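Given next are the chains, with one letter for each unit.
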Amino acid sequence: MYKQILYAEWSALRVPVLLLGVLAFALPLLTVTYGGSLEGAPAGRVAQWLFAAQQIGLLIPGFAVLVGVLLGIGAWASDHAGKHVYALSLPVSRPRYMWLRFVAGLALLLIPVAALGVGAIVAALSVSLPSGVHAYPLELTARFLMACLVCYAIFFAISISTRRAALAVLGVIGGLLLADGLLAMMGSEASVTPTVLMWLTNWPGPLSILIGRWALFDV
Amino acid sequence: MSNAIETRDLAYRAGRHFAIPGLSLTVPEGAIYGFLGPNGSGKTTTIRLLLGMLRPRGGTVRVLGSAVPGEMAAILARTGYVPERPHLYPHLTVAEATRLHAAFYPSFDPAYAAELQRGFGLPPGHRISHLSKGETGKLLVLLALAQRPRLLVLDEPTDGLDPVVRRDVLAALVDFCSRGSTTVFISSHLVHELERICDWVGVLDEGKLAAELPMQDFKNGIKRLRVAHVPETVTGAPFVVLSRESTGSEQTWVVRGWEPRMAEWLGAANAELKEVVDLDLEEGFVELLRASRVPAA
């Protein structure tokens, strides 16, 4: 049963998943675009190189969001197209079907994660690092996996929810923006949206995994 | 005889304009039950309520002896369903969709599926999105039949199909039914189609059951009578007058439950029976609907 669901999902999403895999492999390699050996290079050049590598690292959490969005929404795309009639007519409970879909999406998610891991290892091996600078391919991959998981789970949940629930989420976002607008009109310096964003992105907020340093190379 | 489907006072509402106020259906086990009704009468909604896809506002539903929605997985494992609109994943091929479907049904018969696939001329490697409407309809029927279900629920399975495909689909259905004791619940607004295969008929109109009776009674009992010297009232008649229409000094009645011996009742009422005309199923269906909306005086 699971094998067939996984195959159906792979069949629907293989093109975007493979593209994500290629991008994931390429992303860490961008870090070493400047290439060459850094061994014995002056400290200033190493610092510049590290700064550039870290700037490229900032793309990775954005990429994790993209992976989560595509797979989270893609997991339900086929069922949405048929208004869920096929899923509802199958002799499995709704929670079980949901888990089958969730786990199938997770399996596909491992492809870009693995590609990023391989890309990170290749990038780490392709550059000679000066003493004091280290490569963290496994740590970066593990973090990317966690970020993808969080984003995938969020968008999977949004995608599976009813129109009413989706409207409620949009309503909350609209309410926050409206509250900020009203506060600004009243001349207040207080603001709600940044506070909520802070809460979401600072530990233990669910999006805190996306924030911070995403460097393949660091001291 | 036990019932494959039984609803009691089933109630549902969708928005302001559509409601099923309290539907009581009885589908005997082993019957081929034609669920007739005009477009928008609530046939698809009723089917979705039977299969637990919609939540009723009231009433009870039992399918194959199990309660809906409490025992849905057990019910659906024994039920083949062909929906009104294709619902399969369009990116899969015919063979892949068959394998996916088979994985969920322990009773799925791959050999029978292959036999049907050859019989229907379905190309196994073609994507569902590339199939014609007729081919998609055949595939839906194939999947439902190959489950070897105890109950087959077909929601307008031949709607929009050309006559050749329609004949293929109905032939496969009749062949399947002749091999076992499956109960078939088939909805349609194509009356002639059901006339050939059904032994029970239920007529739904505006969410209400206008009639539920054996097909034989439906076919034989609905007549058009030409009556002269019409009595003032038809109260106490041994048949049901669905409609009355005056044509000069005579009246044309459409009646249900007619038998030749009932002419005596007209004689006793000093009326003169001029003619008895058999109505075909479609005319009977139309008259039933007319009567359910404006009952005869």
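From a predicted model like this one, the values you see are computed outputs, not experimental measurements. (Residues numbered from 1 in each chain as written. Chains lettered and ligands numbered in written order. Predicted model: local features only at pLDDT ≥ 70, side-chain atom pairs only at ≥ 80, totals over all residues.)

1. A closer look at the overall build of chain A
Counting its regular elements, chain A contains eight helices and two strands. Reading the secondary structure of chain A in the N-to-C direction produces α-α-α-α-α-β-α-α-α-β. C-alpha atoms of chain A, sized along the principal axes, occupy 65 × 60 × 25 Å. Within chain A, the proportion of its 219 residues that are buried is 30%. Partitioning the intrachain contacts of chain A with sequence separation of at least 6 by distance along the chain shows that 81% fall at a separation of at least 24. (Helix = DSSP H or I, 4+ residues; strand = E, 2+ residues; numbered from the N terminus. Buried ≥ 20, exposed ≤ 12 C-beta atoms within 10 Å, placed from the backbone. Contact = placed C-beta atoms within 7 Å.)

2. Considerations on the interface of chain B and chain A
Taken together, the contact between chain B and chain A spans 19 residues of the former and 16 residues of the latter. Elements that contribute at least two residues to the side of chain B that touches chain A include exactly helix H2 (72-77) and helix H3 (94-104) of chain B.

3. Overview of the environment of B:Pro56
All names here are of chain B. Residue placement: Pro56 occurs in the loop between helix H1 (43-50) and strand S5 (58-63). By the C-beta count within 10 Å, which is 21 here, Pro56 ends up buried. Between the alpha carbons of Pro56 and Thr46 there is a distance of 9.6 Å; along the sequence they are 10 residues apart.

4. Quick notes on the sheet that holds strand S13 (residues 240-247) of chain B
Residue and element names in this part refer to chain B. Pairing is antiparallel across the open sheet formed by four strands, whose spatial order is S13-S14-S12-S15. Sheet topology places S13 and strand S15 (272-278) at the edges, where each strand pairs with a single neighbour. The sheet shows a mean angle of 20 degrees between the axes of neighbouring strands, direction not considered. The pairing of S13 with strand S14 (residues 250-256) spans seven bridges and is classified as antiparallel. Across the sheet, Ser243 pairs through a bridge with Val254, a residue of S14. Each of S13 and S14 is contacted by helix H10 (residues 281-293), which is oriented at about 95 degrees to S13, the strand it contacts most. (Pairing = 2+ DSSP bridges. Axes fitted to C-alpha atoms, helices over the stretch in contact; angles between N-to-C directions.)

5. Description of the domain arrangement of chain B
Here chain B is partitioned into domain 1 (3-215) and domain 2 (223-278). Look at where the C-alpha atoms of domain 1 of chain B and domain 2 of chain B centre, and you get two points 39 Å apart. (Domains from an automatic or database assignment.)

6. Remarks on the sheet that holds strand S11 (residues 208-214) of chain B
Residue and element names in this part refer to chain B. Ordered by their spatial adjacency, six strands build an open sheet running S7-S8-S9-S4-S10-S11, and the pairing between neighbours is mixed. Of all the strands in the sheet, just strand S7 (79-82) and S11 have a single pairing partner and so form its edges. Taken over all neighbouring pairs, the strand axes of this sheet differ in orientation by 15 degrees on average, direction set aside. Bridge count for strand S4 (residues 32-36) against strand S9 (residues 183-188) is five bridges, and the pairing is parallel. Bridge pairing in S9 links Leu36 to Ser188. Strands S4, strand S8 (151-155), S9 and strand S10 (200-205) of the sheet are contacted by H1, whose axis makes an angle of about 150 degrees with S8.

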